[in-house]
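A structural walkthrough
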Amino acid sequence: MKLAIGCDHGGFQLKEAIKQHLEAKNIEVEDFGTYSKDSVNFPSYAVKVGQAVASGNSDLGILCCGTGIGMSIAANKINGVRAAVVSDTFSAQATREHNNSNVLCLGERVIGEGLALLIVDTWLNANFQGGRHQERIDQVSDLEINGANTFC
Ligand code: RB5
């Protein structure tokens, strides 16, 4: 498995901790930055990670910012990305099983490092359940192509 990871200054410390955590498990990680606590704008990092996942270059992606929210808004603009902001382990599991989320967004200013690493592990260990959920994912994909016309 190969994972793309990225952050802004608000998520830098958490990104570093997650990267170390994954590499200790021998998971390949491609780090798209940012590489310091200097202030940056989050959208370009969301795009780099989102494109890595959407293109198939990475299997999954993780984005960290202050809240996780800005990253998720930006990443979800990329066709093929299903980014989810998660702050609890139930949602981490559910968003893989039901939404087949392929990018996990975390807020360094929202959750502690211990919970964040547990969320990462839970998310990585859960599997998409398919079935009725696949139809819903397909509708979301149609939305990317046809917009609201999908339901007209
Ligand atoms: C940066 O101050 C902060 O706005 C950013 O990390 C993120 O929380 C945006 O959603």
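First, a word on what this report is: a plain description of the structure on this page. (Residues numbered from 1 in each chain as written. Predicted model: local features only at pLDDT ≥ 70, side-chain atom pairs only at ≥ 80, totals over all residues. Heavy atoms only, no water.)

1. Comments concerning the overall build of the protein chain
For clarity, the threshold we go by: Numbered from the N terminus, helices here are DSSP runs of H or I no shorter than four residues, and strands are runs of E no shorter than two. Buried means the residue's accessible area, taken with a 1.4 Å probe over protein chains only, is under 20% of the maximum for its type, while exposed means over 50%, and partly exposed covers the values in between. For this analysis, residues touch if any pair of their heavy atoms sits within 4.5 Å. Surface accessibility follows the Shrake-Rupley procedure with a 1.4 Å probe radius. Residue values consider only the protein chains on display as shielding. Residues scored as charged are limited to Lys and Arg (positive) and Asp and Glu (negative), so that His and the chain ends carry no count. The location of each charge is read from NZ of Lys, CZ of Arg, CG of Asp or CD of Glu.
Looking only at helices and strands, the protein chain has 6 helices and 5 strands in total. What you see in the protein chain, going N to C, is helices and strands ordered as β-α-β-α-β-α-β-α-β-α-α. Principal-axis analysis of the C-alpha atoms gives the protein chain an extent of 45 × 30 × 30 Å. The burial tally for the protein chain puts 48% of its 152 residues in the buried class. Counting only contacts in the protein chain whose residues sit at least 6 apart along the sequence, the fraction spanning at least 24 positions is 68%. When the accessible surface of the protein chain is summed, it comes to about 7,500 Å², and 48% of that surface belongs to carbon and sulfur atoms. Separation between the mean location of the 12 positive side-chain charges and that of the 17 negative ones in the protein chain comes to 2 Å.

2. Quick look at the pairing of strand β3 (residues 60–65)
Within a regular strand, the side chains alternate between the two sheet faces. The condition that has to hold: A strand pair is defined by DSSP finding two or more bridges across the two strands.
With 6 of 6 residues buried, β3 is to be regarded as a mostly interior element. Burial along β3 is two-sided: the face carrying L60, I62 and C64 and the face carrying G61, L63 and C65 are both buried. Sheet topology places strand β1 (residues 2–7) next to β3; 5 bridges connect them, and they run parallel. Bridged to I5 within β3 is I62. By the bridge criterion, 5 bridges tie β3 to strand β5 (residues 103–107) in an arrangement that is parallel. From the neighbouring strand, L63 faces β5, where its bridge partner is C105.

3. Re the pairing of β5
What counts, and what does not: Place the viewer so that the strands point away; then a crossover is right-handed whenever the path from the first strand over the helix to the second strand goes clockwise.
Most of β5 is tucked away: 5 of the 5 residues are buried. Of the two faces of β5, both are covered, the one formed by V103, C105 and G107 as well as the one formed by L104 and L106. Two strands pair when backbone bridges link them, and strand β4 (residues 83–85) and β5 are joined in this way by 3 bridges, in the parallel orientation. Following the sheet pairing, A84 is matched in β5 by L104. Read as a crossover between parallel neighbours, the route from β4 over helix α4 (residues 89–97) to β5 is right-handed.

4. Things to note about the site of the ligand
This is how the line gets drawn: Throughout, near means a residue has at least one heavy atom within 4 Å of the molecule or strand. In the analysis that follows, any N or O atom pair within 3.5 Å is treated as a polar contact, provided that within protein one partner can donate a hydrogen and the other can accept it, and provided that, for residues neighboring in sequence, both atoms belong to side chains. Residues are grouped as follows: Ala, Val, Leu, Ile, Met, Phe, Trp, Tyr, Cys and Pro are nonpolar; Asp, Glu, Lys and Arg are charged; all remaining types, including Gly, are polar.
Every residue close to the ligand is listed here: D8, H9, F42, C65, G66, T67, G70 and R109. Contact distances for the ligand include 2.6 Å between an oxygen atom and a side-chain N or O atom of D8. Protein burial of the ligand: of its 290 Å² of free accessible surface, 71% is covered by the chains. For the shell around the ligand, a count of residues per class yields 2 nonpolar, 4 polar and 2 charged.

5. Some remarks on the sheet that holds β1
Condition: To define axes, lines are fitted to C-alpha atoms, for helices over the stretch in contact only, and angles between the resulting N-to-C directions are given on a 0 to 180 degree scale.
The strand order across the open sheet built from 5 strands is β2-β1-β3-β5-β4, with neighbouring strands paired in parallel fashion. Edge positions in the sheet fall to β2 (28–31) and β4, since each has one partner strand and no second. Strand-to-strand twist across the sheet, computed as the mean angle between neighbouring axes with direction ignored, equals 25 degrees. Here helix α2 (residues 43–54) sits on the sheet in contact with β1, β3 and β5, set at roughly 170 degrees to β3.

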